[in-house]
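Here's the letter readout for the chains.
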Amino acid sequence: MTSTTEPKKKEGGLGETVKVILQAFLIAIVIRTFLFQPFNIPSGSMKETLLVGDYLFVSKFSYGYSRFSFPFSPPLFDGRVLGSSPNRGDVVVFKLPRDESTDYIKRVIGLPGDEIQMIDGVLHINGTPVKREDAGYWMDDEGNGRVERVKRWRETLPNGVSYYTLDLVDNGFYDNTPVYKVPPGHYFMMGDNRDNSTDSRVLSQVGYVPYENLVGRAQMIFFSVEEGEPAWEFWKWPWTVRWDRLFSFVR
């Protein structure tokens, strides 16, 4: 009896293991598609709000679901299901309109129908300058001992959302722009690092972002390592992890 039941036990154990792995995989797919998806920050266009080396969760349900909510963006349907509009000031991950395989992360500045313009480095929305207060300087640690002092402003949008922006140079390339008229069903995105952000001000590269291209809203930084440090080198974490940024909410 022992010799005949033992293989069945082994076979059953293997089957259970495969079943658990498949269940875990399916749960991960459901969470990634409908709830939260992890992203990492590869560039400095959103400094100081988001730093290179930040890892964050993006809520997929904040604006409903489009084909870009699914892995590989299959053309299952057009538009959005259970959709809700982003608020001005939200930090959003979206698919680049000219290359829908590329994810960008910027702040929502202009809503459909808005007129957006930069004049002498000051953001104007519908002809009115946005409130901007001197916030001193921010020390930009670029790694390898390089620290740069950068001019910082506190910007407050008409709906009360407030955040820091950086001003690397006076009279930057996009400190003075034409008026951008946001089309219906589109949004105008800008990086907080105003002189180092390719965003909706660059019509040939980003331009106006369709509502359908929104992936989700940035919610929380769950991990962060110093710029240039590989996250997988766990033995360096005591020195390279930015402990003060862990589990902080994105504003």
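Residues numbered from 1 in each chain as written. Predicted model: local features only at pLDDT ≥ 70, side-chain atom pairs only at ≥ 80, totals over all residues. Heavy atoms only, no water.

The protein chain carries the name Signal peptidase I in an unreviewed UniProt entry, which gives Ancylobacter mangrovi as its organism. We quote the UniProt Subcellular location (unreviewed entry) comment for the protein chain here in full: "Membrane". Recorded under Catalytic activity (unreviewed entry), the UniProt text for the protein chain is reproduced unchanged: "Cleavage of hydrophobic, N-terminal signal or leader sequences from secreted and periplasmic proteins." (UniProt positions renumbered as here; feature names shortened; annotations may be inferred.)

Draft legend 1. Expanded view of the side chain of aspartate 54. Assignment of secondary structure puts aspartate 54 in strand β2 (residues 54–59). In terms of polar contacts, aspartate 54 uses its side chain to reach the side chain of serine 224, at 2.6 Å. The contacts of aspartate 54, once residues within four sequence positions are left out, are Phe39, Asn40, Ile41, Thr49, Ile221, Phe223, Ser224, Arg242 and Arg245. (Helix = DSSP H or I, 4+ residues; strand = E, 2+ residues; numbered from the N terminus. Polar contact = N/O pair within 3.5 Å; in protein donor to acceptor, adjacent residues only side chain to side chain. Contact = heavy atoms within 4.5 Å.)

Draft legend 2. Representation of the packing of aromatic side chains within the structure. The tally for this structure, following the rule as stated, stands at 15 aromatic pairs. Taken together, a centroid distance of 6.0 Å and an interplanar angle of 55° make the contact between tyrosine 55 and phenylalanine 223 tilted. You can see tyrosine 55 sitting in strand β2 and its partner phenylalanine 223 sitting in strand β14 (residues 214–224), a full 168 residues away along the chain. Judged by relative accessible area, which is 25%, tyrosine 55 ranks as partly exposed. Judged by its relative accessible area of 14%, phenylalanine 223 falls in the buried class. Through successive ring pairs, a cluster of aromatic residues spans Phe36, Tyr55, Phe57, Phe61, Phe222, Phe223, Trp232, Phe234, Trp235 and Trp237. Positioned above the aromatic ring of tyrosine 164, the side-chain terminus of arginine 152 is 4.2 Å from the ring centre. (Phe/Tyr/Trp six-rings, centres within 6.5 Å; stacked < 30°, edge-to-face > 60°. Buried < 20%, exposed > 50% of the residue type's maximum accessible area, 1.4 Å probe, protein only. Lys NZ or Arg CZ within 6 Å of the ring centre and 35° of its normal.)

Draft legend 3. Layout of the pattern of salt bridges. As enumerated under the stated definition, the model contains 16 salt bridges in all. We note a salt bridge from glutamate 227 to lysine 47, for which the minimum N-O separation is 3.8 Å. Separated by 180 residues along the polypeptide, glutamate 227 in the loop between β14 and α2 (237–240) and lysine 47 in the loop between β1 (36–40) and β2 bring together distant segments of the chain. Of the charged contacts in the structure, one is a salt bridge between aspartate 192 and arginine 107, with a shortest N-O distance of 2.8 Å. A residue pair is termed long-range when its members are at least 10 positions apart, and aspartate 192 in the loop between β12 (186–190) and β13 (209–210) and arginine 107 in strand β4 (residues 99–110) qualify at 85 residues. (Salt bridge = Lys/Arg side-chain N within 4 Å of Asp/Glu carboxyl O.)

Draft legend 4. Region of the structure containing the pairing of strand β10 (residues 162–167). Both strand β9 (residues 147–156) and β10 contribute to a ladder of 6 bridges, which runs antiparallel. Looking across to β10, one finds that tryptophan 153 is bridged to threonine 165. What sits between β9 and β10 in their antiparallel hairpin is a turn of 5 residues, with glycine 160 showing a positive phi close to 95°. (Pairing = 2+ DSSP bridges.)

Draft legend 5. Molecular detail of the sheet that holds β10. Strand order in the open sheet formed by 3 strands is β8-β9-β10, and the pairing between neighbours is antiparallel. Because the sheet does not close on itself, it has two edges, and the strands there are β8 (131–141) and β10. Within the sheet, the average angular offset between the axes of one strand and its neighbour, ignoring direction, is 35°. (Axes fitted to C-alpha atoms, helices over the stretch in contact; angles between N-to-C directions.)

Draft legend 6. Geometry of the confidence of the model for the protein chain. For the protein chain, per-residue confidence averages 90 on the pLDDT scale, and 94% of positions sit at 70 or higher. Ignoring residues within four places in sequence, the model shows residues 1–6, a span with pLDDT below 50, making 0 contacts including any to other chains. (pLDDT = per-residue confidence, 0-100.)

Draft legend 7. Structural detail: the nonpolar core. Counting residues in each nonpolar core, the largest one holds 13 residues, and the members touching the most others are Leu50, Leu56, Val91 and Ile105. Of all elements in the fold, only β2, β3 (91–96) and β14 reach the threshold of two or more residues within this core. In terms of residues, this core owes the most to one element, β14, which gives 3 residues. Filtering out sequence-adjacent residues up to four positions away, valine 91 remains in contact with Met46, Leu50, Ile105, Lys106, Arg107, Gly216, Arg217, Ala218, Val250 and Arg251. Core analysis: the next-biggest nonpolar cluster, separate from the first, contains 12 residues, Ile125, Leu157, Tyr163 and Tyr180 among them. (Core = buried A, V, L, I, M, F, W, Y, C linked by side-chain atoms within 4.5 Å.)

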